[in-house]
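Here is what each chain is made of, one letter per residue.
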Amino acid sequence: MTTEQNMVSRVIPVDPFDLVIFGATGDLAQRKILPGLFRRHVAGQMPTDARVIGAARSDLSSAEFRAMARETIAAHVDPALQDAALLEDFLSRLDYVALDVQAGTGWEALRSLVRPDVVQAFYFSVAPVLFGDLAEGLQAQGIAGPGARIVVEKPFGRDLASAQALNATLAAHFEESQIYRIDHYLGKETVQNLMAVRFANILFEPLWNAQYIDHVQITVAETVGVGGRGAYYDRSGALRDMVQNHMMQLLCLIAMEPPWHFDPDAVRDEKLKVIRALQPVGRGDIVRGQYLAGGGGPGYLEDAGNPSSDTESYIALRVHVANWRWKGTPFYLRTGKRLRARTSEIAITFKEPPHSIFDDARGWRENVLVIRLQPNEGINLKVMIKEPGPGGMRLVQVPLDMSFATALGAEGADMPDAYERLIMDVIRGNQTLFMRGDEVEAAWAWTDPIIAGWQARGDRPQPYDAGSSGPEDALMLMHRDGRRWREIRE
Ligand code: NAP
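Residues numbered from 1 in each chain as written. Predicted model: local features only at pLDDT ≥ 70, side-chain atom pairs only at ≥ 80, totals over all residues. Heavy atoms only, no water.

**Topic: the UniProt feature "binding site: NADP(+)" (unreviewed entry) in the chain**
Our working definition: UniProt positions are given in the numbering used here, feature names are shortened, and annotations may be inferred rather than shown by experiment. Only DSSP runs of H or I with at least four residues qualify as helices, and only runs of E with at least two residues qualify as strands; both kinds are numbered from the N terminus onward. Remark: exposure states derive from per-residue accessible area (1.4 Å probe, protein chains only) relative to the maximum for the residue type, with buried under 20%, exposed over 50%, and partly exposed in between. Only heavy atoms enter the contact rule, under which two residues are in contact if any of them lie within 4.5 Å. Counted as a polar contact is a pair of N or O atoms within 3.5 Å, where, for protein atoms, one must be capable of donating a hydrogen and the other of accepting one, and residues adjacent in sequence contribute only when both atoms are in side chains.
Per the UniProt entry, the sites bearing "binding site: NADP(+)" (unreviewed entry) are Arg 57, Asp 100, Val 101 and Lys 154 in this numbering. Positionally, Asp 100 belongs in the loop between strand 3 (94-98) and helix 5 (107-113). Here Asp 100 falls in the partly exposed class, since its relative accessible area comes to 22%. If sequence neighbours within four positions are ignored, Asp 100 has contacts with Arg 57 and Thr 105. Polar side-chain contacts of Asp 100 include one of 3.1 Å to the backbone nitrogen of Ala 103. The residue Lys 154 is located in the loop between strand 5 (149-152) and helix 7 (160-171) in this model. Taking relative accessible area as the criterion, Lys 154 reaches 29% and is therefore assigned partly exposed. Beyond its immediate chain neighbours, meaning those up to four positions away, Lys 154 contacts Ile 182, Asp 241, Asn 245 and His 246. Reaching out from Lys 154, the side chain makes a polar contact with the backbone oxygen of Asp 241 at a distance of 3.0 Å.

**Observations regarding the pattern of salt bridges**
As a reminder of what qualifies: Every case where a carboxyl oxygen of Asp or Glu lies within 4 Å of a side-chain nitrogen of Lys or Arg is listed as a salt bridge.
One pass over the full model with this rule turns up 33 salt bridges. For Asp 265, the salt bridge goes to Arg 436, with nearest N and O atoms at 2.7 Å. Taken together, the residues Asp 265 in helix 11 (residues 264-277) and Arg 436 in the loop between helix 15 (418-428) and helix 16 (437-457) connect sequence positions 171 residues apart. Residue class for Asp 265 comes out partly exposed when judged on its relative accessible area of 38%. A salt bridge links Glu 345 to Arg 486, with the nearest nitrogen and oxygen atoms 2.5 Å apart. On the criterion of sequence distance, the pair formed by Glu 345 in strand 11 (residues 343-350) and Arg 486 in the segment after helix 17 (472-479) is long-range, its members being 141 residues apart. Looking at Glu 345, the relative accessible area reads 8%, which means it is buried. Here Arg 486 falls in the partly exposed class, since its relative accessible area comes to 23%.

**Some thoughts on the site of the ligand**
Put simply, the rule is: Near is defined per residue: the residue qualifies when any heavy atom it owns lies within 4 Å of the molecule or strand. Only the protein chains shown count as cover for residues, with accessible areas throughout obtained via the Shrake-Rupley method and a probe of 1.4 Å. Amino acid classes used here: Ala, Val, Leu, Ile, Met, Phe, Trp, Tyr, Cys and Pro are nonpolar; Asp, Glu, Lys and Arg are charged; the rest, including Gly, are polar.
Of all residues adjacent to the ligand, which total 22 residues, the nearest are Thr 25, Asp 27, Arg 31, Ser 58 and Val 126. A distance of 2.9 Å separates a nitrogen atom of the ligand from a polar backbone atom of Val 101. Protein burial of the ligand: of its 900 Å² of free accessible surface, 74% is covered by the chains. Broken down by class, the residue content of the shell around the ligand amounts to ten nonpolar, six polar and six charged.

Right, dumping it as structure tokens:
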């Protein structure tokens, strides 16, 4: 079979479904969920009798909700995909119910719309404080059938106790097999490819351990500040907002043992073992920062509306996984706002060859496997070759580059967004890319003592320049180990 034949698009329609989006008038539904569903419709994945029911407090008719969806699709979907007939067909599948979860109004209208004999998915795109009432309402009103699925958004708790309470609330109404805790990082093509690269090739796995890997860097850098959601962010901070969930998930996929099968519980069992093997992080293993005003933008304290805030907009950590495979290989994690460039990547740096046969090794660099999540999703392996041309044996590092957009042609360029991929997984009933309750709790159990330590000591984040790579001490965190961060650039 040729490469092209292998890569022919294989969009398989899912079973007929009713997807109820609670919070359908909100930012996430408008920016991500509705545009994503439309893209799946254009790709031919939505069966003829799939329906999407928006629910929120706003008093809208279905026609008004469709008009809202039309606008948001126009704004958020690539114009090349905006086929008029397909759009009309998609909009005809939308309905709307005005429902106030706290007031308990609107449930009967919803019950009359949701069909019992198709896949039922309920997306909780609302503040977590409403999750309990929603879960209870769906059961008490007799709307959710035995196979119904609920999708819950982050944040899933703000510490171990609140995550446990939330898990208990959901568990009172739904089985774990019905609960889909979404982490959109897991829906990214490259993140899933990390598993394919590791477990579908013989090439990497024998080297995937402390004997051959010097260290791992995970970077999630943003150029934006927290303006607009400063008050919310100030109660959270980079550790809670990014590390406990997204970066922890990436770390798990790199560090986990091969699951016996690509199966939801097999994969999640292995991820859980990694989280449980994380060593407590010492004070010297963490650097926190707050961005200063600059580049035409205010500083963190102003953005947060809290001049005495000690919440971090940047964090760098050195983390150790205490198990046989990773003993001695540090994982460096960093994430922050108002940094030099917007980029997310995982870089796996291999060790030196045990012996160099070359007299002149001046050009020598370590092999690095870089997995780019954004922008330009792709995988890049840096290898040494001979510098071309005369002049003896001089070494030079070159990238073996696989950008998905170019390697996969049109299909690669049109990769589904993380949200739409994950929503289709919910309809298919595949929980592999969703966090299990015990995973979330284990992640908080590791995070809580770090935060408690800051609070007990009254630690304050260090200021850093907007548009920089973060606080000076973060550089020192690596330099002390004789290593350096990769440059933050797009
Ligand atoms: P949002 O813009 O504030 O929207 C909230 C939605 O909830 C609105 O549709 C609102 O309806 C509805 N709502 C509020 N109170 C309600 C009630 N009592 N009964 C029924 N509906 C009610 O929030 P969002 O940004 O979309 O976020 C939704 C969830 O996703 C949150 O848990 C958030 O943490 C999470 N999340 C969001 C993003 C993002 O990019 N936005 C990213 C990750 C996670 P009305 O406006 O009609 O009152």
